[in-house]
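Okay, here's what each chain looks like letter by letter:
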Amino acid sequence: MAQFQRPTLCCCRKVLTVPSKSCEGGQGLGQCRLVDIASASNFHCFKLRHFHLDLRLNFAVKEITGWQVLELVAIQPGVQTLVLDTHPSLLIQSIDCKVPGITGAQDISPSLIYRVDPFTDYGSSLNISLPAYVIRPHRAFQITVRYTTTDGPAIWWLDAELTCGQTRPLVFTQGHSVCNRSFFPCFDTPAVKSTYTATVRVPEGVTVLMSASRSAYSKQDRVFQFSMEYPVPAYLVALVAGDLQHVDIGPRSRVWAEPCVLTCAVSKLGGSVERWLNVAEDLFGPYVWGRYDIVFLPPSFPIVAMENPCLTFIISSILESREFLLIDVIHEIAHGWFGNAVTNATWEEMWLSEGLATYAQRRITTEAYGEAFTCLETVFRLDALHRQMRLLGDNNPVSKLQVKFEPGINPSSLMNLFTYEKGFCFVSYLSQLCGNVKRFDSFLRAYIEQFKFSSVVAQDLLDFFLCFFPELKESCVAQREGLEFERWLNACGPPLCEPDLSAGGVLTGPVQRLCDLWASEPPDPEAIANFNLSSWSTFQTVLFLDRLLDRSPLSHGRYQTIMNAEVRIRWLQIVVRNSFYPDLPRIRGFLHKHNKLPLPTTLLINAQSLRGKADELSANLHFQHEYREACLLAFTETWLDDGVPYREEEFTLVRATVI
């Protein structure tokens, strides 16, 4: 989920008014219609009860063919058209309709008239004309869409040489935020949830996994069957197929990976996952999804991890660092409550998923590993937040929790540290208002129980909070000067306040002392030598390197230690910032290892070289005609924006990914 683009922002739109549930547990639904400008669909006109996918994977031509059946009920009178989100890479072959159980006649399945219209750069609208007899109050009907999809943004086909084992090809999907409209036509909005089933046919030797609560396999027919019995939004439907094997690591968990990765993954996780699940259940109530499995994917996976229900997708390179693996898996476990069970209703309020999941993650680590460990990880993340704040400026509207964006802007552009860390700070502030973290745990359990399997906006959370703590409502905490809830949500800049992290001083103190010594002029080698860096944790090491980055340029020197990926990427940034030429060749090796790409590559090592490297790629395209496709590997702290040239008459930007 870490795809960054500079969004076009509109800061004058009013806060959305949506149905909310009462504090006492009744539905209390209002009549105001939720708007999701990232979706072309008319999801507010229909109730999606269920959908089924019947798919065949063809690795030879990199295609998925099949059909989808949607079971719908019209909930608004007079509607004559069903509008679904789709994508230009998804080719519609036919659409028909069935109305089960019409009295005196067999089921009717006529072909329907449809058209596909442009919507945005990330999708199209599929407009399906419905016969009059279909639209009856409270009567279900089925729409069957036959289609083929190839290389849309949700579907990643990897040739064998791009996998970890380099023996067999692999395909996976990544739906967040609005990519799954290229996987199957859908109401591609987090406001809509439904159950689903799937049938997937594959060649011999291929194992298929999906984000589903139940699965079965017919070896004779090479058919996998899946069922998700709990309602989920479209973006949480995920599939991976390839040479995958598994080992059970707990009563409700197993690890999936390519054979060459599996042993390492199992040894790193061991029995920890069940322990983390138990801690989370003690804090937030029962884990509602049944299974919690993990599949490790090749370095081409475009983000670190994805919280697909029942089956977390995670990049295999995270195995190099036990601490980052621990944090990322616990974060995805936390999404089982915050993000998956209760989901943000629009992408403009992603903090409702990521901010709450980050808070829940840190409650879990505090219970499992102590307050000092959690404070160290939080200091490291908040340092990164303030670093990003310095780059963007205090008035950048992307730093709001309720970011309003104009039609056509990809919601993935809002995935930034503010979504996580500013959201975390707001949730921490709410916890502080309670005066007792255990009381806030009780509130979060009640919040999950109240809104489970539904989608919410910030007002739902805050109204429920004030109802749960009536004494806080009576004391008008929402309007406390300088810390108003409205200001938390809609003011630009850093968090209005941050939690007390002094308990981490035993771990962060040595880091800061060494950083001060290292940056002093001249450095004191004897004092530096007194620090035993081999005893430091990965988080201490990366915090130290990050803070050195903030003080660059420095006098040339070497930092010798056993480096995992998280440490290496920071050391290489120091190499770039300080023009330490002896280590520059390591940058290309690092990027190629952790971002395997099937294309000729031009390396871009710092912000100042952006324009020159674009010229270099242009020259390659001109003189080496086999460069039909190529890529830039960018190693920079700045955002790629309109100031970074790529000449449209020569080549087109297809996909931008941050690693």
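The preceding data block contains the structure.
Residues numbered from 1 in each chain as written. Predicted model: local features only at pLDDT ≥ 70, side-chain atom pairs only at ≥ 80, totals over all residues. Heavy atoms only, no water.

Peer 1: Please clarify how the overall build of the protein chain should be interpreted in this entry.
Peer 2: In terms of regular secondary structure, the protein chain is built from 16 helices and 23 strands. Out of the 659 residues in the protein chain, the part that is buried amounts to 57%. By sequence separation, contacts in the protein chain at least 24 residues apart represent 72% of the contacts at least 6 residues apart. (Helix = DSSP H or I, 4+ residues; strand = E, 2+ residues; numbered from the N terminus. Buried < 20%, exposed > 50% of the residue type's maximum accessible area, 1.4 Å probe, protein only. Contact = heavy atoms within 4.5 Å.)

Peer 1: Sorry, what's going on with the side chain of threonine 374 here?
Peer 2: Structurally, threonine 374 can be placed in helix α5 (residues 371–392). For threonine 374, a relative accessible area of 6% corresponds to the buried category. Side chain to side chain, threonine 374 and threonine 365 meet in a polar contact 2.7 Å long. (Polar contact = N/O pair within 3.5 Å; in protein donor to acceptor, adjacent residues only side chain to side chain.)

Peer 1: Would you mind going over the sheet that holds strand β6 (residues 123–129) with me for this structure?
Peer 2: Taken in spatial order, the three strands of this open sheet run β3-β6-β5, and their pairing is antiparallel. Of all the strands in the sheet, the pair left with one neighbour each is β3 (81–86) and β5 (114–120). Across the sheet, the axes of successive neighbouring strands diverge by a mean angle of 25 degrees, strand direction being ignored. Where β3 and β6 come together, six bridges link them in antiparallel fashion. Opposite threonine 81, over in β6, you have serine 129 as the bridge partner. (Pairing = 2+ DSSP bridges. Axes fitted to C-alpha atoms, helices over the stretch in contact; angles between N-to-C directions.)

Peer 1: Sorry if this is basic, but what is going on with the packing of helix α4 (residues 351–369) against helix α6 (residues 417–434) here?
Peer 2: To characterise two packed helices, one gives the angle between the axes of the helices and the distance between these axes. Two elements in contact, α4 and α6, have axes separated by 7 Å at closest approach and are oriented at 65 degrees. For the pair α4 and α6, the crossing hand works out as right-handed. Contacts from Trp351, Glu354, Gly355, Leu356, Thr358, Tyr359 and Arg362 of α4 reach α6 at Thr419, Tyr420, Glu421, Gly423, Phe424, Phe426, Val427, Ser428 and Ser431. The residue makeup of the contact of α4 with α6, split by class, is seven nonpolar, six polar and three charged. (Left-handed = near helix turned anticlockwise from the far one by under 90°. Nonpolar A, V, L, I, M, F, W, Y, C, P; charged D, E, K, R; others polar.)

Peer 1: Can you help me understand the pattern of salt bridges in this one?
Peer 2: Oppositely charged side chains may form a pair once their charged atoms are brought near each other. If you walk through the whole model with that rule in mind, you get 22 salt bridges. Between glutamate 421 and arginine 362 there is a salt bridge, with its nearest N and O atoms 2.9 Å apart. Here arginine 362 lies in helix α4 and glutamate 421 lies in helix α6, a separation of 59 residues in the sequence. Here glutamate 421 and arginine 362 have matching classes, each one buried. Taking the shortest distance from any N to any O, the salt bridge between arginine 390 and aspartate 550 comes out at 3.4 Å. Pair noted here: arginine 390 is in helix α5 and aspartate 550 is in helix α13 (residues 538–551), with a separation of 160 residues, a long-range link. Given the relative accessible area of 56%, arginine 390 is considered exposed. (Salt bridge = Lys/Arg side-chain N within 4 Å of Asp/Glu carboxyl O.)

Peer 1: What am I meant to see in the nonpolar core here?
Peer 2: It is characteristic of soluble globular proteins that their nonpolar side chains tend to be buried jointly. Ranked by size, the top nonpolar core spans 195 residues in total, and within it Ile143, Phe296, Tyr447, Phe465 and Phe485 carry the most contacts. With ten residues, α6 is the largest single contributor of residues to this core. Those residues in contact with isoleucine 143 that lie beyond four places of it in its chain are Gln68, Val69, Leu70, Leu72, Leu82, Ile95, Asp96, Cys97, Leu112, Ile128 and Leu130. (Core = buried A, V, L, I, M, F, W, Y, C linked by side-chain atoms within 4.5 Å.)

Interpretation in functional terms is not warranted from these geometric data alone.
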